[in-house]
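Here is what each chain is made of, one letter per residue.
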Amino acid sequence: MEHGVLEVCVDSVESAIAAYQGGADRIELCGDLAVGGVTPSLILFRRIREYTDLKIRVLLRPRFGDFCYSSYEREQMREEAQQFAEMGADAIVTGVLRPDGSLDTEEIRTLLVCAGDAGIALHRAFDMCENPLEALEQVCSLDVKTILTSGQRNSAWEGRALLKELQEKSRGRVEILAGAGVESQNIEPLYRETGITSYHMSGKVKKESLMQFRNPQVSMGFPGFSEYEIWQTSEEKVRNARNVINSLF
């Protein structure tokens, strides 16, 4: 019998608790999901450990932007991988590309050593690589746990053809984790189209800030983003996705 996996991406204690109460199998812990996620703080990791017993995979991404990193950034990533592994992270979620769009297997191998028993899951740097099928074989040879991917499209549904091919060609050697735009309404169609049994979602809802005074003359955030909106994981959205997965497996 196949087992469906639900991973929820969170960047706060509140979101982690919502994922836990909604029935997630594990979380991917990030900082600043509004920019696609960066490496979270060690303190945030500790706090979530206090409030839930979920498996925690930790994102390792030193900055917003591409996945071609400087020597300084690589040194930072290696140290952080070791720190989070020592704190009990269940996996380190990361990815490094070369300028030509190929997977930087040497650096990933180095990070595997730093991560120790926690191991490595490859994030959506995979979606930015030039040759996904070549990268799949490289990942399998490195003994990476998971590939998080949208099938190199803006959403998993748009990328379903490549997701199906990856699932078939992986032959169980690595977990293919479908992410980007995943929600309860499209998990079953994605499963029928691709055969993938592992799904990654954020389940975000927008909440209003508690601030009553708001200065209209100045903005501290990115253009187009309101600092008076807070995005958090919805327990209801997670539970709905959990129910769909439970009905399939």
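Residues numbered from 1 in each chain as written. Predicted model: local features only at pLDDT ≥ 70, side-chain atom pairs only at ≥ 80, totals over all residues. Heavy atoms only, no water.

Trainee: Could you give me a rundown of the pairing of strand S8 (residues 198–201), with the residues and numbers involved?
Mentor: Residues of S8 alternate between two faces, with Ser 198 and His 200 on one and Tyr 199 and Met 201 on the opposite face, all of them buried. Both strand S1 (residues 5–10) and S8 contribute to a ladder of four bridges, which runs parallel. Across the sheet, residue Val 8 finds its bridge partner in S8, namely Met 201. Of the strand pairs in this sheet, strand S7 (residues 175–179) and S8 are connected by three bridges, and their pairing is parallel. (Buried < 20%, exposed > 50% of the residue type's maximum accessible area, 1.4 Å probe, protein only. Helix = DSSP H or I, 4+ residues; strand = E, 2+ residues; numbered from the N terminus. Pairing = 2+ DSSP bridges.)

Trainee: Which residues make up the packing of aromatic side chains, and what values do they have?
Mentor: Overall, the coordinates contain two aromatic pairs when judged by the stated rule. Over the ring of Trp 157 we find Arg 160; its NZ or CZ atom is 4.0 Å from the centre of that ring. (Phe/Tyr/Trp six-rings, centres within 6.5 Å; stacked < 30°, edge-to-face > 60°. Lys NZ or Arg CZ within 6 Å of the ring centre and 35° of its normal.)

Trainee: Break down the pattern of salt bridges for me, with residues and values.
Mentor: In the structure shown here, the tally under the stated rule is 19 salt bridges. With a shortest N-O distance of 3.8 Å, Glu 175 and Arg 57 are connected by a salt bridge. Of this pair, Glu 175 sits in strand S7 while Arg 57 sits in strand S3 (residues 55–59), placing them 118 residues apart in sequence. Taking the relative accessible area as the measure of exposure, Glu 175 reaches 18% and is therefore buried. In this structure, Glu 73 engages Arg 63 in a salt bridge whose closest nitrogen and oxygen atoms are separated by 2.6 Å. Separated by ten residues along the polypeptide, Glu 73 in helix H3 (residues 71–86) and Arg 63 in the loop between S3 and H3 bring together distant segments of the chain. Since its relative accessible area comes to 16%, Glu 73 is described here as buried. A relative accessible area of 23% means that Arg 63 is categorised as partly exposed. Taken together, the salt bridges that share partners define one network made up of Arg 74, Arg 78, Arg 98, Asp 104 and Glu 107. (Salt bridge = Lys/Arg side-chain N within 4 Å of Asp/Glu carboxyl O.)

Trainee: Could you give me a rundown of unusual backbone geometry, with the residues and numbers involved?
Mentor: Even without glycine at this site, Gln 152 takes up a positive phi of about 60°. Counting through the fold element by element, Gln 152 comes out in the loop between strand S6 (146–149) and helix H6 (160–170). You will see that Ala 180, though not glycine, has its phi angle at about 95°, which is positive. Along the chain, Ala 180 turns up in the loop between S7 and helix H7 (184–194).

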